[in-house]
Amino acid sequence: AVSRTRILATGGASHNKKILQVLSDVFNAPVYTIDTANSACLGSAYRAIHGLVAETNVSLADVVKLAAEPRLAVTPATGAEEV
């Protein structure tokens, strides 16, 4: 089975490929980044919008549909799952 797990890294550490590689290897999942300032605030805003439209049964996925697509930064190193 193919895992759909992925990690979305934001903030200052998301600019450090070595940190991202460790995350990818530890969790055996690809790591994506987004080029957005104040990403924690952005996530909170999406949740707030989702709460406002909750009575209309709009999913969170539909709320964030227009967000910028995350960019693949790193993938797990070969053999990382064995470590």
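All of these numbers come straight from a predicted model, not from anything done at the bench.

Peer 1: Tell me about the overall build of the protein, and name the residues and values.
Peer 2: Tallying secondary structure elements over the protein gives three helices and three strands in all. For 83 residues, the compact-globule estimate of 2.2 N^0.38 gives 12 Å, and the protein exceeds it by more than 25% at 15 Å. The principal-axis extent of the C-alpha atoms belonging to the protein is close to 45 × 35 × 15 Å. When the 83 residues of the protein are sorted by exposure, 20% land in the buried category. Looking at charge distribution, the protein has the averaged site of its 7 positive side-chain charges lying 5 Å from that of its 7 negative ones.

Peer 1: Which residues make up the UniProt feature "domain: Carbohydrate kinase FGGY C-terminal" (unreviewed entry) in the protein, and what values go with them?
Peer 2: With numbering aligned to this structure, UniProt lists the feature "domain: Carbohydrate kinase FGGY C-terminal" (unreviewed entry) at residues 5-50. In this annotation, residues 5-50 is assigned 50% helix and 13% strand; the end-to-end C-alpha distance for the span is 23 Å.

Peer 1: Could you give me a rundown of the nonpolar core, with the residues and numbers involved?
Peer 2: Ile7, Ala9, Leu20, Ala29, Val31, Ala73 and Val74 form the largest nonpolar core, which has seven residues in total. If you list the elements that add at least two residues to this core, you get β1 (7-9) and β3 (71-74). Those residues in contact with Ile7 that sit more than four places away from it in its chain are Leu23, Phe27, Ala29, Pro30, Val31 and Tyr32.

Peer 1: Residue-level account of the environment of Leu66, with values.
Peer 2: Checked against the element boundaries, Leu66 lands in the loop between α3 (60-63) and β3. Its relative accessible area of 83% is what places Leu66 among the exposed residues. For the pair formed by Leu66 and Ala54, sequence separation is twelve residues and the distance between their alpha carbons is 18 Å.

Peer 1: An account of the layout of surface pockets is needed here, citing residue identities and associated values.
Peer 2: Its volume calculated, the largest pocket comes out at about 510 Å³. As for the largest pocket, its lining consists of 17 residues, and the residues nearest its centre are Leu8, Tyr46, Val64, Ala67 and Pro70. Per-class residue counts for the lining of the largest pocket are nine nonpolar, four polar and four charged.

Quick notes on the rules
Residues numbered from 1 in each chain as written. Predicted model: local features only at pLDDT ≥ 70, side-chain atom pairs only at ≥ 80, totals over all residues. Heavy atoms only, no water. Helix = DSSP H or I, 4+ residues; strand = E, 2+ residues; numbered from the N terminus. Rg over C-alpha atoms; globule rule 2.2 N^0.38 Å. Buried < 20%, exposed > 50% of the residue type's maximum accessible area, 1.4 Å probe, protein only. Lys, Arg positive; Asp, Glu negative; His and termini not counted. Charge placed at Lys NZ, Arg CZ, Asp CG, Glu CD. UniProt positions renumbered as here; feature names shortened; annotations may be inferred. Core = buried A, V, L, I, M, F, W, Y, C linked by side-chain atoms within 4.5 Å. Contact = heavy atoms within 4.5 Å. 1 Å grid on protein atoms, 1.4 Å probe; cavity = no way out; pocket = protein on both sides within 12 Å on 5 of 7 lines; lining within 4 Å. Points joined across faces, edges and corners; volume = space filled by probe spheres on them. Nonpolar A, V, L, I, M, F, W, Y, C, P; charged D, E, K, R; others polar.

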